[in-house]
Amino acid sequence: MTILNENDVEHATLDWLAQLGYERAYGPDLAPEGRAQERDSFGQVYLYGRLRDAARRVNRDVDGDLIGEAIKRLERAESQSLVDENARVHKLLTEGVPVEYRAADGSVRTTSVWLIDFDTPANNDWLAVNQFTITDGGKSRRPDVLVFVNGLPLGLIELKNLAAEAATLKKAHTKIANYRTDIPSVFTANAVTV
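Residues numbered from 1 in each chain as written. Predicted model: local features only at pLDDT ≥ 70, side-chain atom pairs only at ≥ 80, totals over all residues. Heavy atoms only, no water.

### Quick notes on helix α6 (residues 169–182)
For step 1, the next point in the chain: Between its first and last C-alpha atoms α6 spans 20 Å; for 14 residues at 1.5 Å apiece the expected length is 20 Å, and the two agree.
For step 2, the next point in the chain: On the buried face of α6, the contacting elements are β5 (134–136), β6 (139–141), β8 (152–157) and β9 (192–193). (Helix = DSSP H or I, 4+ residues; strand = E, 2+ residues; numbered from the N terminus. Expected span 1.5 Å × (residues − 1). Contact = heavy atoms within 4.5 Å.)

The following block contains the structure:
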């Protein structure tokens, strides 16, 4: 008889996401001292290299400086409310990030920079990461699986082993509530929590 543990459930989830086309990564490899070093600090929840590369693919005719401005606007909080910030970021992701620029004739114009390609999903960078440590306000937490699209953590999955009596839906819900309190930055771009 095979006894499952939460690690098995985590890897099964990553395998399933890989079958859907997601690249897999182990959180410590993306850490500041990790092999891939995709983060400057544990407080950084966006994977900026992936975000910039994807934005360039999606917006081929947009100057790199405007893409940088769009990313800055995405990061610039306009409210201390997590719900309001999530709604603001959702709007920018689904409607495009408006950025101003000076046209050749000297006039000021606005264009939209898209950070996700909704028309051609293959242009996006799909990544599922387990054990991604986040430090926010002096507290460190490590969600089981984060799902990134173009370097943005859009999904958080908290797993429990059904074979373990102590692993209940209520405990999973409590853990997610603790994440909202302890590492709110991961929920700014979040679209789904499972």
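Let us keep going from here.
### Thoughts on the environment of A25
For step 1, the next point in the chain: Within the element layout of this structure, A25 appears in strand β1 (residues 23–26).
For step 2, the next point in the chain: A C-alpha to C-alpha distance of 20 Å links A25 and K160, two positions 135 residues apart in sequence.
For step 3, the next point in the chain: Those residues in contact with A25 that sit more than four places away from it in its chain are L30, L127, A128, V129 and N130.

### Some details on the pattern of salt bridges
For step 1, the next point in the chain: By the definition in use, this model includes twelve salt bridges.
For step 2, the next point in the chain: Linking D182 and R141 is a salt bridge whose minimum nitrogen-to-oxygen distance equals 2.8 Å. Here the residue D182 occupies a position in helix α6, and R141 occupies one in strand β6, the gap between them amounting to 41 residues.
For step 3, the next point in the chain: A residue is classified by how much of its surface remains accessible, and R141, at 31% relative accessible area, is partly exposed. (Salt bridge = Lys/Arg side-chain N within 4 Å of Asp/Glu carboxyl O. Buried < 20%, exposed > 50% of the residue type's maximum accessible area, 1.4 Å probe, protein only.)

### Section: the packing of aromatic side chains
For step 1, the next point in the chain: Tallying each qualifying case throughout the model produces three aromatic pairs.
For step 2, the next point in the chain: Arranged with centres 5.5 Å apart and planes meeting at 80°, the rings of Y22 and W126 form a pair that is edge-to-face. Separated by 104 residues along the polypeptide, Y22 in the loop between α1 (6–19) and β1 and W126 in strand β4 (residues 126–130) bring together distant segments of the chain.
For step 3, the next point in the chain: Taking the relative accessible area as the measure of exposure, Y22 reaches 17% and is therefore buried.
For step 4, the next point in the chain: Each ring, one from Y46 and one from Y48, has its centre 6.0 Å from the other, and the planes form 65°; the classification is edge-to-face.
For step 5, the next point in the chain: When its relative accessible area of 5% is taken as the criterion, Y46 is described as buried.
For step 6, the next point in the chain: The cationic tip of R39 hangs over the ring face of F132; the distance from NZ or CZ to the ring centre is 3.8 Å. (Phe/Tyr/Trp six-rings, centres within 6.5 Å; stacked < 30°, edge-to-face > 60°. Lys NZ or Arg CZ within 6 Å of the ring centre and 35° of its normal.)

### Focus on helix α4 (residues 64–75)
For step 1, the next point in the chain: The end-to-end C-alpha distance of α4, which contains twelve residues, comes to 17 Å, matching closely the 16 Å that a straight helix rising 1.5 Å per residue would cover.
For step 2, the next point in the chain: Among the residues of α4, those classed as buried are L66, I67, A70, I71 and L74. Projection of α4 onto a plane perpendicular to its axis shows the buried side chains occupying an angular sector of 145°, all on one side.
For step 3, the next point in the chain: If you follow the buried residues of α4, they end up packed against α3 (48–58), α5 (82–95), β2 (97–102), β3 (108–113) and β8.
For step 4, the next point in the chain: Where α4 begins, one side-chain oxygen reaches toward the backbone nitrogen of D65, 2.8 Å away; that side chain belongs to D63. (Arc of directions from axis to C-beta. Polar contact = N/O pair within 3.5 Å; in protein donor to acceptor, adjacent residues only side chain to side chain.)

### What to know about the environment of T110
For step 1, the next point in the chain: Positionally, T110 belongs in strand β3.
For step 2, the next point in the chain: Under the relative-accessibility criterion, T110 is labelled exposed at 52%.
For step 3, the next point in the chain: Distance from T110 to R76, taken between C-alpha atoms, is 18 Å for residues 34 residues apart in sequence.
For step 4, the next point in the chain: Excluding anything up to four places from it in sequence, T110 contacts P98, V99, E100 and Y101.

### Observations regarding the pairing of β4
For step 1, the next point in the chain: Extensive coverage of β4 is indicated by the burial of four of its five residues.
For step 2, the next point in the chain: Note: β1 against β4, four bridges, orientation parallel. Bridging across to β4, R24 finds its partner in A128.
For step 3, the next point in the chain: Alignment of β4 against strand β7 (residues 145–149), held across five bridges, turns out to be antiparallel. Looking at the pairing, L127 lines up with F148 of β7. (Pairing = 2+ DSSP bridges.)

Structural measurements only, silent on function.
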